[in-house]
Amino acid sequence: MHGKLLPLAGLYLVQGLPYGLQSGLLPVLLRARGLSLTRVGLAKVLYLPWLFKLVWAPLVDTRGSLRAWLMLSTAALGLVCGLLAASPPAEAGPAGLQVRVVGLLLLLNLGAAVQDVALDTLAVQLLEPAELGPGNTVQVVAYKLGAMLAGGGLLALVPTLSWPGLFLLLAATYWLAAALVWAAPALQQPPSSGPSEPALHSLCLLQHLLAMPGTLWTAGFVLTYKLGEQGASSLFPLLLLDHGISTPELGLWNGVGAVLCSIVGSSLGGALLARHRQPVPLLRSVLGFRLGGLACQTTLLFHLDTPGVRLGSSTVLRGAALLSLCVQHFLGGLVTTTTFTLMMHCSRLAPSALQATHYSLLATLELLGKLFLGTLAGALADSLGPHLCFALFLALSGMPILYLSLAPSTLA
């Protein structure tokens with residue numbers, strides 16, 4: 001099993017780099033430059049290519065080998081990073097970034113999304129049912145470690161970083177990962193266990209995928225399970241910045257400390273899944289803990305807005321705020337690993353020739369739910385105020401707990 005997990009871990013780590021750049025680094029830098037919460041939230045439009053994975057997932061299923069797709073997409077990511085190294089931002093555009101840099105970041109996300117389709121499909125086909133828990137732990141932990149290195153680690157070093165040096169280092173990392181894909185024997189795709197499915201038109205394909213056992217319920221769950229958490233995790237660090245925490249300190253806590261807590265949560269989720277195997281009963285417990293943690297964070301936010309209250313350098317309140325940030329990331333990591341295992345269980349019920357497209361459908365819906373609230377959270381806070389906004393996030397975090405009672409027997 002370790003022969004499979006180690007190369008998968010390396011590839012998932014490099015896949016997390018673009019996410020870390022755009023979720024850990026950009027929002028804090030843009031907010032520190034004075035942009036409104038609404039405009040900071042709009043930077044998440046850079047993730048748009050991830051929502052179109054279903055467009056190329058059928059190509060990955062039917063054209064060429066997964067190994068070739070992995071190698072070419074990873075090498076292309078290195079090429080885009082090389083172009084970014086040669087394009088240091090000069091004048092910022094109306095959204096806070098130069099148009100050329102925005103275009104290259106969109107290409108970076110496009111390459112990462114294609115890589116994601118091929119890598120997830122290979123993982124689904126390589127891992128045995130008993131290996132799904134450890135496999136998803138590796139997936140989530142390695143991805144978050146990459147995000148931490150590219151997000152919080154870099155933010156803590158601002159402003160001493162060199163833009164060309166940063167992206168040249170990333171380019172070299174991607175090219176090494178492409179060489180790993182080429183050289184690792186464990187990434188050999190297993191032979192197909194059945195006849196290939198005929199090509200389907202887009203609408204027929206979608207209907208066919210949704211007809212798979214448990215797919216409709218799983219689609220509804222992954223679309224909604226992160227709504228409240230994502231909205232709160234997008235806003236809370238920026239509100240701490242408004243209350244006096246410095247940019248480097250926030251980068252250290254939100255980009256490194258909190259992500260490490262998320263990795264611990266993901267690892268715990270994998271260990272629990274290895275013992276219990278069934279993700280749905282585990283989700284019932286951890287979603288309740290997450291709701292309680294968000295309630296505490298909301299109460300803390302209400303107190304921070306009391307006149308005269310300030311996050312001093314040595315106050316208990318400051319420690320409580322940073323602890324709340326880490327606890328929510330820990331619980332979020334636990335929920336994410338369990339949910340991704342549930343998604344893989346569901347995709348394994350589909351024919352092998354459709355597993356890439358099936359998993360991509362679920363992963364696209366999962367991302368859509370996160371992007372929806374993550375993008376609109378700033379606008380909601382600017383229009384409704386943080387208090388009403390976090391009350392909404394609490395309500396949204398309670399919905400998945402009720403939804404679990406409708407889980408089909410094929411997954412429960």
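Counting restarts for each chain, with residues numbered from 1 along the sequence as it is written. Where totals are concerned, whole chains, interfaces and linings use all residues; where local detail is concerned, this predicted model gives features only for residues with pLDDT of at least 70, and gives and counts side-chain atom pairs only at 80 or more. In computing side-chain properties, one takes all heavy atoms of the structure into account and sets aside hydrogens as well as water.

Per an unreviewed UniProt entry, the protein carries the name Major facilitator superfamily domain-containing protein 3 and comes from Neomonachus schauinslandi. UniProt positions are given in the numbering used here, feature names are shortened, and annotations may be inferred rather than shown by experiment. We quote the UniProt Subcellular location (unreviewed entry) comment for the protein here in full: "Membrane".

Asker: Whenever I open this one, helix α5 (residues 66–85) confuses me. Can you help?
Answerer: Side chains of residues three or four places apart in an α-helix project in the same direction, reflecting 3.6 residues per turn. Only runs of H or I of at least four residues qualify as helices and only runs of E of at least two qualify as strands under DSSP, and these elements are numbered from the N terminus. A helix is expected to span 1.5 Å multiplied by its residue count minus one. Helix length check: α5 (20 residues) gives 29 Å between terminal C-alpha atoms against 28 Å at 1.5 Å per residue, within 8%. Buried, partly exposed and exposed residues are distinguished by accessible area as a fraction of the type maximum, computed with a 1.4 Å probe on protein chains only: under 20%, between the cut-offs, and over 50%, respectively. Among the residues of α5, L66, R67, L70, S73, T74, L77, G78, V80, C81, L84 and A85 are the ones counted as buried. The buried residues of α5 occupy an angular sector of 160 degrees when the element is viewed end-on, so they sit on one face. Within α5, the exposed residues directed more than 90 degrees away from the buried face are L72 and L79. The arc refers to the directions leading from the helix axis to the C-beta atoms.

Asker: What am I meant to see in the side chain of Q115 here?
Answerer: Within the secondary structure, Q115 is located in helix α6 (residues 99–126). Excluding its chain neighbours within four sequence positions, the residues that come into contact with Q115 are L11, V14, Q15, L70, S73, T74 and L77. Any two residues whose heavy atoms approach within 4.5 Å are treated as being in contact.

Asker: Got a minute to help me understand a nonpolar patch on the surface in this structure?
Answerer: Surface patches are drawn from residues lacking salt bridges whose relative accessible area is over 30%; two like charges belong together within 9 Å, two nonpolar side chains (Val, Leu, Ile, Met, Phe, Trp, Tyr) within 5 Å. Every accessible area reported is derived by Shrake-Rupley at a probe size of 1.4 Å, with residue values counting cover from the shown protein chains alone. Put simply, a salt bridge is a Lys or Arg side-chain nitrogen that is within 4 Å of an Asp or Glu carboxyl oxygen. Nonpolar side chains collect at one region of the surface, where L42, V45, L48, F52, V55 and L106 lie side by side and expose about 510 Å² of accessible area between them. Residue position: L48 is located in the loop between α3 (37–42) and α4 (53–62). The class for L48 is partly exposed, based on a relative accessible area of 40%.

Asker: Can you help me understand the packing of helix α12 (residues 227–242) against helix α17 (residues 386–403) in this one?
Answerer: The description of two helices packed together rests on the angle between their axes and the distance between the axes. Simply put, an axis is a line fit to the C-alpha atoms, just over the touching stretch for a helix, and the angle between two N-to-C directions goes from 0 to 180 degrees. The interhelical angle for the contact between α12 and α17, taken along N-to-C directions, is 150 degrees, at an axis separation of 7 Å. As judged from the angle between their axes, α12 and α17 are roughly antiparallel. Here the hand of the crossing between α12 and α17 comes out left-handed. In this structure, α12 uses L227, G228, E229, G231, A232, L235, F236 and L239 to contact α17, whose residues at the interface are P386, C389, F390, F393, L396 and S397. For this classification, under 35 degrees means roughly parallel, over 145 means roughly antiparallel, 65 to 115 means roughly perpendicular, and everything else is oblique. Handedness of each helix crossing follows the sense of rotation of the near helix against the far helix: counterclockwise by less than a right angle gives left-handed, clockwise gives right-handed.

Asker: Honestly, the UniProt feature "transmembrane region" (unreviewed entry) in the protein in this entry has me stumped. Any pointers?
Answerer: UniProt's entry tags residues 66–85, 97–118, 138–158, 165–184, 252–274, 316–344, 356–378 and 384–406 with the feature "transmembrane region" (unreviewed entry), counted in the numbering of this structure. As annotated, residues 66–85 has a helix share of 100% and a strand share of 0%, and its two end C-alpha atoms lie 29 Å apart. For residues 252–274, the helix share is 100%, the strand share is 0%, and the end-to-end C-alpha distance is 32 Å.

Asker: Looking at this structure, how should I read the nonpolar core?
Answerer: Across soluble globular proteins, nonpolar side chains have a tendency to be buried as a group. Working definition of a nonpolar core: buried Ala, Val, Leu, Ile, Met, Phe, Trp, Tyr and Cys residues. They are joined through side-chain atoms within 4.5 Å. Of all hydrophobic cores here, the largest spans 81 residues; its most connected members are F167 and F221. It is α6 that contributes the most residues to this core, 14 residues altogether. An automatic or database domain assignment is the source of the domain bounds shown. Counting the residues that make up this core, at least three belong to each of domain 1 (1–199) and domain 2 (201–411). Non-local contacts of F221, meaning those with residues more than four positions away in its chain, are made with L283, L287, T339, L342, P400, Y403 and L404. Of all hydrophobic cores here, the second largest spans 28 residues; its members include L239, L317, A321 and L322.

Asker: For this particular structure, what's the right way to read the state of the cysteines?
Answerer: Simply put, the disulfide is a covalent bond whose two ends are the sulfur atoms of two cysteines. Cysteine sulfur atoms that pair up within 2.5 Å are treated as a disulfide. All told, the structure shown has zero disulfides when counted by the stated rule. No disulfide involves C261; its sulfur sits 4.1 Å from the nearest other cysteine sulfur, which is in C326. Given the relative accessible area of 24%, C261 is considered partly exposed. We classify C326 as buried; its relative accessible area is 8%.

Asker: So what exactly am I meant to see when it comes to empty space enclosed by the protein here?
Answerer: In this approach, a probe sized like a water molecule rolls over the atoms, and the result shows the empty space that is left. Within this scheme a cavity is a closed region of a 1 Å grid, computed over the protein atoms alone, that accommodates a 1.4 Å probe without allowing it to escape, whereas a pocket is open but has protein on both sides within 12 Å along at least five of seven lines; lining residues each have an atom within 4 Å of a point. Grid points are joined across faces, edges and corners, and a volume is the space filled by probe spheres set on the points. One pass over the structure, following the stated rule, counts three cavities of 30 Å³ or more. If you add up the space inside the second largest cavity, you get close to 70 Å³. Lining the second largest cavity are Y19, S23, K44, Y47, Q230, L367, K370 and L371. At the level of elements, α2 (17–32) and α16 (355–384) are the ones that each hand at least two residues to the lining of the second largest cavity. Broken down by element, the lining of the second largest cavity gets its largest block of residues, three residues, from α16. Following the grouping adopted for this structure description, the nonpolar residues are Ala, Val, Leu, Ile, Met, Phe, Trp, Tyr, Cys and Pro, the charged ones are Asp, Glu, Lys and Arg, and the polar ones are all others, Gly among them. Here the residues of the lining of the second largest cavity are counted per class, giving four nonpolar, two polar and two charged. Looking at which domains feed residues into the lining of the second largest cavity, each of domain 1 (1–199) and domain 2 (201–411) gives three or more.

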